[in-house]
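A look at the structure
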Amino acid sequence: MAGVGIPKLANVSGRATLLWREGYADVAQLSGGRFPYDPQGLLSDWDRFESWAQGAEPQISGSPDFRLLGPPAPRPRQIFAIGLNYRDHAAEAGYDTSGLPQVFTKFPSCLTGPFSQVSVLSPKLDWETELVVVLGRTGRNIKEGEAWSFVAGLMVGQDLSARDVQLAGSAPQWSLGKSFAGFGPTGPWITSAKYCGNRDDLLVQCELNGELMQSDRTSNMIWSVSELVARLSVVCELMAGDLIFTGTPTGNGNRRTPPRYLGPGDRLLSRIGGLGEMVNEFVSPGVCAIN
Ligand code: ZN
């Protein structure tokens, strides 16, 4: 069974899995143990893994059960998240876009899969659909022109945010407000950056219960992926397997009149052209979540 095109890398029940249009394969089995089953482990050896994966072929026809998909990079050592990185969103927030990007973190324990249920742990739970960068090499002081060679791939992310916690107190509490359990859906899989032709101009969209809420292109980001990698790496060592949530376009719930927040029964679809889509359902706290 010959694979067509470059496979995507998914996390199926905690095991690194290659996906093609016509089938899939377990990485550890197919490679005879040359590569680990752990998706996070692969990211430390990305260049070697990627060259091997180009010659790999599906073992099983069809697709795995998408309900089993977990976060493709489940345990990054660092998650960087960028605030107000789209021109329209920054303008509506009255934000001065000169200087350094606004950077915070989502603590890694908030990560969840692309089709998971998320508990509504805040009365002001809001959506932020974002391009997420997965680092595939480690470095400091990375030059902008070399930045893409440090990127393993791209995926879709939701920077779910409890606006009540984020905006409580006299200074914003960004990182905690965005790190409750399940507040970091990512996936559905990692698409290699090398083979993503229009990687600086991707369509980012979000639908809530079928209604389009966000739609913009990553070419409208104030700081591009290359600039973010370069600027962050001046301060922090970026490590293989780290994530960068690159910011969200306009169209969040708290900027609407009246504001619109997520509640039990809501269905949020997050899509990026060429990278796939995620669907997360929101449930009352205490209702058993899939992932
Ligand atoms: Zn965000």
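The text that follows walks through the structure, step by step, so that each part is easy to find. These numbers were taken from a predicted model, which means no experiment stands behind them.

The rules behind these values
Residues numbered from 1 in each chain as written. Predicted model: local features only at pLDDT ≥ 70, side-chain atom pairs only at ≥ 80, totals over all residues. Heavy atoms only, no water. Helix = DSSP H or I, 4+ residues; strand = E, 2+ residues; numbered from the N terminus. Rg over C-alpha atoms; globule rule 2.2 N^0.38 Å. Buried < 20%, exposed > 50% of the residue type's maximum accessible area, 1.4 Å probe, protein only. Contact = heavy atoms within 4.5 Å. Areas by Shrake-Rupley, 256 points an atom, 1.4 Å probe, with all protein chains shown as cover. Arc of directions from axis to C-beta. Core = buried A, V, L, I, M, F, W, Y, C linked by side-chain atoms within 4.5 Å. Domains from an automatic or database assignment.

Description of the overall build of the chain
When helices and strands are tallied, the chain shows seven helices and 19 strands. In terms of overall size, the chain behaves like a compact globule, its C-alpha atoms giving a radius of gyration of 18 Å where 291 residues would be expected to give roughly 19 Å. Taking the principal axes of its C-alpha atoms as reference, the chain extends roughly 55 × 45 × 30 Å. Every one of the 291 residues in the chain was classed for burial, and the buried ones make up 56%. The contacts in the chain between residues at least 6 apart in sequence include a share of 75% that link residues at least 24 apart. Summed over all atoms, the accessible surface of the chain reaches about 11800 Å², with 51% contributed by carbon and sulfur.

Re helix H3 (residues 46–54)
Those residues of H3 that fall on the buried side of the exposure criterion are Trp-46, Phe-49, Glu-50, Trp-52 and Ala-53. Taken around the axis of H3, the buried residues stretch over an arc of 165°, which confines them to a single face. For H3, the elements touching its buried residues are strand S1 (8–12), strand S2 (15–19), helix H1 (27–30), helix H2 (39–42), strand S12 (151–158) and strand S14 (184–192).

Quick word on the nonpolar core
Ranked by size, the top nonpolar core spans 58 residues in total, and within it Val-27, Phe-49, Leu-154 and Leu-243 carry the most contacts. Elements with a minimum of two residues in this core: S2, H3, strand S6 (79–83), strand S11 (129–135), S12, helix H7 (225–235) and strand S17 (243–245). Viewed by domain, this core spans two of them, domain 1 (8–64) and domain 2 (79–283), each represented by three or more residues. Those residues in contact with Val-27 that sit more than four places away from it in its chain are Leu-9, Ala-16, Thr-17, Leu-18, Phe-35, Pro-36, Leu-42, Phe-49 and Trp-52. Membership of the second largest hydrophobic core comes to 14 residues, among which are Val-120, Leu-125, Trp-127 and Leu-262.

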